[in-house]
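# Report on the structure
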Amino acid sequence: LSILNIAETLTPFGQTIILLLIQVGGIGIMTFTCFFALSVTGKTSFQHRIVIKELISAESVTDIFTTLKRIIVVTLCIESISAWIIFEQLTSHPSHMEVSLQTMFTAVFHAISAFCNAGFSNLSLGLSEPILANNRPLIWVICLTVFLGGAGFPIQSSVIDWTKHHIKKIYYRLISKKDKHIFQSRLINANIRIIFLTHLLLLLSGVVLFFITEYNNKASDSSIFSSLTDALVISTMTRTAGFNTVDLCGLMPLTLLFATIFMWIGCAPLSTGGGIKTSTFALAVLNLKRMLCRCDNIEIYNRRVSPQSIDKAFAVIFLSLTFIA
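Our subject in this report is the structure included herewith. (Residues numbered from 1 in each chain as written. Predicted model: local features only at pLDDT ≥ 70, side-chain atom pairs only at ≥ 80, totals over all residues. Heavy atoms only, no water.)

### Section: a nonpolar patch on the surface
There is a patch of nonpolar side chains on the surface, built from Phe13, Ile17, Leu20 and Leu21 and spanning about 450 Å² of accessible area. The topology assignment puts isoleucine 17 in helix α2 (residues 12-27). Its relative accessible area of 36% is what places isoleucine 17 among the partly exposed residues. (Patch = residues over 30% accessible without salt bridge, like charges linked within 9 Å, V, L, I, M, F, W, Y side chains within 5 Å. Areas by Shrake-Rupley, 256 points an atom, 1.4 Å probe, with all protein chains shown as cover. Salt bridge = Lys/Arg side-chain N within 4 Å of Asp/Glu carboxyl O. Helix = DSSP H or I, 4+ residues; strand = E, 2+ residues; numbered from the N terminus. Buried < 20%, exposed > 50% of the residue type's maximum accessible area, 1.4 Å probe, protein only.)

### Describing the layout of surface pockets
Taken as a whole, the second largest pocket encloses approximately 600 Å³ of empty space. As for the second largest pocket, its lining consists of 29 residues, of which Leu1, Gly242, Phe243, Asn244 and Leu248 are closest to the centre. Element by element, the count of residues in the lining of the second largest pocket is highest for helix α12 (residues 253-265), at four residues. Here the lining of the second largest pocket is built from residues that sort into 17 nonpolar, 12 polar and no charged. (1 Å grid on protein atoms, 1.4 Å probe; cavity = no way out; pocket = protein on both sides within 12 Å on 5 of 7 lines; lining within 4 Å. Points joined across faces, edges and corners; volume = space filled by probe spheres on them. Nonpolar A, V, L, I, M, F, W, Y, C, P; charged D, E, K, R; others polar.)

### Topic: unusual backbone geometry
The phi dihedral of asparagine 117 is positive, around 55°, even though this residue is not glycine. The residue asparagine 117 is located in the loop between α6 (101-115) and α7 (130-133) in this model. Even without being a glycine, threonine 240 presents a positive backbone phi close to 105°. For threonine 240, the position within the fold is in the loop between α11 (224-237) and α12.

### What about empty space enclosed by the protein?
On inspection of all chains with the given rule, the structure shows one cavity of 30 Å³ or more. Of the voids in this model, the largest cavity is the one considered here, and its volume is about 50 Å³. Lining of the largest cavity is provided by Asn117, Val146, Phe147, Gly150, His199, Leu203, Thr236, Arg239 and Cys267. Here the lining of the largest cavity takes three residues from helix α8 (residues 136-151), the largest share from any one element. By residue class, the composition of the lining of the largest cavity is four nonpolar, four polar and one charged.

### Let's talk about the packing of α8 against helix α10 (residues 190-213)
Relative orientation of the contacting elements α8 and α10 amounts to 145°, with a least axis distance of 11 Å. With respect to the hand of their crossing, α8 and α10 are arranged in right-handed fashion. Residues Phe147, Gly150 and Ala151 of α8 form the contact with α10, whose participating residues are Phe196, His199, Leu200 and Leu203. The residue makeup of the contact of α8 with α10, split by class, is five nonpolar, two polar and no charged. (Axes fitted to C-alpha atoms, helices over the stretch in contact; angles between N-to-C directions. Left-handed = near helix turned anticlockwise from the far one by under 90°. Contact = heavy atoms within 4.5 Å.)

### Looking at the pattern of salt bridges
Applying the stated criterion to the full structure yields two salt bridges. Between aspartate 161 and arginine 70 there is a salt bridge, and its shortest N-O distance comes to 2.7 Å. One end of the pair, aspartate 161, is in helix α9 (residues 153-174); the other, arginine 70, is in helix α5 (residues 64-92), with 91 residues separating them in the sequence. The class of aspartate 161 is partly exposed, set by a relative accessible area of 23%. According to the relative accessible area criterion, arginine 70 is partly exposed, its value standing at 23%. Where aspartate 230 meets arginine 136, a salt bridge forms, and the shortest distance between an N and an O atom there is 3.6 Å.

The analysis is restricted to geometry; functional conclusions fall outside its scope.
Structure below.
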């Protein structure tokens, strides 16, 4: 994605500037602006709070500041864990790098670039670098980090709430002497479920499609396991991340066609990725199913989708295709 080789052209200071810009862009300019505005003033107009609430999917207007802080904390936690695992893989793999500040910076750079779906690398050949391309666990970690960043904050937050809720239930049942029953409604609502399911199905379908289309195009000495990993990378990265472990110029035309479709769909709403968003794509598919089944409404998880949401989805699709054309 870069017009120049970051590793060979830019100084460490220049690479740090790019890393900060990636981080700001990943969390979101609007999120940063709202967060610091609320931090300094502690107040804003009610109309502005309504807009911010919708932007960050807060439960209520009063939870905006807490939600904004949580976005940043969750982002930094995922990136920190990813950077630590990448650093361990870089220094422990047979073709390892030396334990140094440069290696630590490389791990942090790739963790942030992956979570923010930027696709920039401070290595000359990116993920195609031999020291990385042959390190499958490291590639999986980067793919998982890209997947989490593309899943969006609402999904990340719901998973955290769901995990905390069940840990509390286990605690009160096994450890605490109090027989306390915990109830919390809508831990994972219908909107989150359909977005996550679409996000996951697109990833898995991409792996299957790219494995099939590239099966006869792989090197004769490459294993099925290696081909599946390459298919996973293509499926994950075409959803706006941009990393690559294989030469895209050598891919089959059918692979590039599917890759273009996946790039157009993109990632989940309120994520670090782009595209028309998985929610828009899901609504279009559900509406097509409704028409084929001759139903009056779209119903998913015992919830009815409003006609306004369907209209917005098709408006986004139409405008997107118009701009592309």
